[in-house]
Amino acid sequence: MIEPVALANFFTVFFSAAMVIMTGALYALLFAFSRVRGAPRLMPLAYGAYLGLCVSVLTLAQAANLFNNTFWTAIVGLMLVGYLVAPHAIWHLCVGTHAEAPPAGEPPSAKIFQQP
Amino acid sequence: MSALGILSNANLNGGQKLAVKYFSVAVALFGAQVLFGLLAGIQYLNPDFLFGILDFSVNRMLHINAMVVWLLFGFIGSVYWLLEDESGVPVVGLWLGNLIFWIFTLAVVVVVLVYLLIQVGPGELKSIWLINEGREYIEAPRWADIGIVVCVLAFFYNVAATFAKGRFTGVGGVLVLDLIALAGLYLAGMWYTPNISMDQHWWWWVIHLWVEATWEVLVGCLMAYGLIKTMGVRRKIVETWLYIEVALMFGSGILGLGHHYFWIGTPEYWFTIGGFFSALEPIPLVAMVVHAVFDAGHHKLKSTNNPALAWIIAQAFGNFFGAGVWGFMHTLPQINLYTHGTQWTASHGHLAFFGAYATMVIAFLYIAIQRWRGGVYMSGNLVGAWKWKWAIFLLHLGMITMVMGLLIAGYEQSQIERAIGGSDWVAYFTAQAHRWFVQGMFWRQVGGWLFAAGFVLLAWDLMTIGKRETRPALQHPAAETGA
């Protein structure tokens with residue numbers, strides 16, 4: 001079930017795997033910035049980064065021989081779906097956990113706590 | 001409370017007085033880790049250096065063991081630091097905590113001296129009990145193993161009894177449960193079995209579940225407290241996220257250790273389990289980025305302690321790159337077959353341990369020093385701020401240089417030694433003599449010297465920061481009361 005990477009594909013595997021994380025982070029970053037700043041024009045860029053993530057995942061899958069096995073092919077599908085929905089899910093969690101007003105006597109979080 | 005800027009124990013509560021003892025030993029051991037790392041690095045370039053006097057195997061062991069122990073001292077100190085703040089009552093059994101500190105410190109000194117004075121000898125049962133247990137990363141002799149468990153249990157008693165007597169916060173609850181695992185999981189590395197696969201299986205429990213999982217949760221608790229203290233983030237928010245982290249740890253972290261079982265003779269289904277969790281590893285990282293941006297927008301990043309906040313931010317990035325990017329590049333079994341145990345692993349290990357753990361302990365050192373100096377001003381326009389800024393810069397520059405040097409050496413090893421040479425003895429030495437490996441090791445050593453310079457600056461800064469300040473730091477009321 002494990003088909004080792006060919007020598008010629010070593011660099012492709014390392015690079016595409018790194019790009020999976022980097023494009024994933026860029027997607028999450030742009031997605032979150034778009035929501036935090038209320039700047040919907042950033043959202044297409046976020047999904048552009050996700051497109052880069054898809055290319056990276058597929059390149060990694062090809063170079064690491066993941067498509068030669070049903071289990072690993074399913075994992076590739078799961079990666080693509082998981083990376084897509086994770087920022088959405090975590091955004092809802094962020095909004096949910098920060099939604100309530102601070103308790104009486106406690107100031108809101110966004111304050112300057114230091115002397116000028 | 002003594003005058004501002006003066007280092008005085010009168011500024012500290014009982015737990016914090018004990019904490020600064022742990023912090024002092026932690027910094028000394030951090031220095032030892034750097035020193036033995038430098039010596040081991042020189043031996044890669046010049047194998048005759050100190051041969052027969054202080055062999056590479058001993059330097060490497062001391063380098064790694066010092067790291068484990070200084071971080072442990074840092075974590076224990078950090079917990080004692082927050083204990084009275086969190087619980088609202090004095091530490092229960094503080095005398096025991098003090099006694100255990102001295103026993104623990106003395107035991108570490110004895111173990112190190114034995115490592116240095118008895119470097120070779122027969123491998124018999126007596127050696128396991130008194131000199132060296134022989135398991136990589138946890139070489140401490142059996143008596144010291146038992147001592148570590150006893151110390152952690154005493155530490156657990158201090159923490160659990162204090163929270164039980166005072167206020168049991170969310171941070172406190174997670175901390176107490178985590179300390180049970182911290183004491184219990186270490187036991188997995190203490191029994192002997194003649195089957196090397198079984199031995200490695202249980203050994204990984206200590207390395208992965210003890211060092212990675214229980215420490216990760218511990219760091220989560222410290223981060224929660226640190227965010228309340230440095231940014232005034234609401235307790236309910238950080239505790240909710242702490243629960244989410246623990247849920248993720250139980251949901252994925254435990255089975256995630258499957259990627260360590262690939263090549264030790266465990267059943268083949270570990271490929272499936274390890275591969276599955278390895279592939280999904282980036283999801284929490286992506287989630288972390290979203291949360292960080294959300295919080296940055298929400299809290300405007302206003303700080304009471306700039307050095308501490310800078311190190312907390314460094315922790316987020318270090319964890320992302322060290323554990324995330326460097327881990328995922330070679331975690332799938334299809335490529336891990338070639339990289340496991342090469343300098344690739346060392347590259348990943350250096351960045352992950354520094355990024356995830358060392359940064360957090362250093363942040364706590366700055367939180368402690370602020371209070372120790374009477375709640376001194378430690379934000380913008382701080383007197384002598386260049387020291388902490390250059391320390392963080394040099395430590396990171398040194399670490400990145402080391403990590404890149406090791407990465408190149410590991411990349412070469414994975415090809416020449418593993419893929420082409422088939423991992424035999426000749427291939428091992430062929431790879432070690434290759435110019436990519438040698439050049440990688442040279443740059444690793446350059447990085448080591450830069451890191452050492454950063455450490456010296458950090459130690460100097462910790463001794464002097466806030467000394468000439470006369471301005472008090474204003475604290476967030478919620479952070480002060482622990483509300």
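First, a word on what this report is: a plain description of the structure on this page.

Some words on helix 15 (residues 425–433) of chain B
Residues and elements named next belong to chain B.
Here is step 1: All buried positions along helix 15 are accounted for by Ala427, Ala431 and Gln432. Each buried residue of helix 15 sits inside an arc of 135° when the element is viewed along its axis, so together they form one side. For helix 15, the exposed residues set more than 90 degrees away from the buried face come down to Trp425, Val426 and Ala433.
Here is step 2: With a side-chain oxygen positioned 3.3 Å from the backbone nitrogen of valine 426, the residue opening helix 15 is aspartate 424.

Some points on the side chain of glutamine 343 of chain B
All names here are of chain B.
Here is step 1: Here glutamine 343 shows up in helix 13 (residues 343–372).
Here is step 2: The exposure class assigned to glutamine 343 is buried, which follows from its relative accessible area of 8%.
Here is step 3: In this structure the side chain of glutamine 343 is engaged in a polar contact, spanning 3.0 Å, whose partner is the side chain of tyrosine 44.
Here is step 4: Among all residues touching glutamine 343, those that are not within four sequence positions of it are Tyr44, Leu406, Ala409, Gly410, Gln413, Phe437 and Met441.

Observations concerning the nonpolar core
Nonpolar side chains in soluble globular proteins tend to end up buried together.
All names here are of chain B.
Here is step 1: Formed by 180 residues in total, the largest nonpolar core has its most connected members in Phe73, Trp81, Trp210, Trp215 and Tyr366.
Here is step 2: Dropping the residues within four chain positions of it, tryptophan 215 is found in contact with Val68, Leu71, Leu72, Phe75, Leu182, Trp210, Phe353 and Tyr357.
Here is step 3: Formed by ten residues, the second largest nonpolar core is a distinct cluster that contains Phe36, Leu54, Leu62 and Ala144.

A few points about the packing of helix 1 (residues 14–45) of chain B against helix 16 (residues 435–464) of chain B
Residues and elements named next belong to chain B.
Here is step 1: Contact geometry of helix 1 with helix 16 gives a least axis separation of 9 Å together with a crossing angle of 160°. Classified by the interaxial angle, the pair formed by helix 1 and helix 16 is roughly antiparallel. At the point where helix 1 passes helix 16, the crossing takes the left-handed sense.

With respect to a nonpolar patch on the surface
All names here are of chain B.
Here is step 1: Residues Leu106, Val110, Leu125, Trp129, Leu130, Trp143, Ile146 and Val150 make up a contiguous nonpolar surface patch of about 740 Å² in total accessible area.
Here is step 2: Every element with two or more residues in the nonpolar patch is listed here: helix 3 (94–117), helix 4 (125–130) and helix 5 (142–165).
Here is step 3: Here leucine 106 shows up in helix 3.

Structural notes on the pattern of salt bridges
All names here are of chain B.
Here is step 1: Considering all chains together, one arrives at nine salt bridges over all chains under this definition.
Here is step 2: For arginine 60, the salt bridge is made with glutamate 136, and the minimal N-O distance between the two is 2.8 Å. Of this pair, arginine 60 sits in helix 2 (residues 56–87) while glutamate 136 sits in the loop between helix 4 and helix 5; the two residues are 76 residues apart in sequence, bridging distant segments of the chain.
Here is step 3: The class of arginine 60 is partly exposed, set by a relative accessible area of 29%.
Here is step 4: A relative accessible area of 34% means that glutamate 136 is categorised as partly exposed.
Here is step 5: Connected through salt bridges with shared partners, the residues Glu133, Arg135, Arg142 and Asp199 form a single ionic network.

Reading guide: rules and limits
Residues numbered from 1 in each chain as written. Chains lettered and ligands numbered in written order. Predicted model: local features only at pLDDT ≥ 70, side-chain atom pairs only at ≥ 80, totals over all residues. Heavy atoms only, no water. Buried < 20%, exposed > 50% of the residue type's maximum accessible area, 1.4 Å probe, protein only. Helix = DSSP H or I, 4+ residues; strand = E, 2+ residues; numbered from the N terminus. Arc of directions from axis to C-beta. Polar contact = N/O pair within 3.5 Å; in protein donor to acceptor, adjacent residues only side chain to side chain. Contact = heavy atoms within 4.5 Å. Core = buried A, V, L, I, M, F, W, Y, C linked by side-chain atoms within 4.5 Å. Axes fitted to C-alpha atoms, helices over the stretch in contact; angles between N-to-C directions. Parallel < 35°, antiparallel > 145°, perpendicular 65-115°, else oblique. Left-handed = near helix turned anticlockwise from the far one by under 90°. Patch = residues over 30% accessible without salt bridge, like charges linked within 9 Å, V, L, I, M, F, W, Y side chains within 5 Å. Areas by Shrake-Rupley, 256 points an atom, 1.4 Å probe, with all protein chains shown as cover. Salt bridge = Lys/Arg side-chain N within 4 Å of Asp/Glu carboxyl O.

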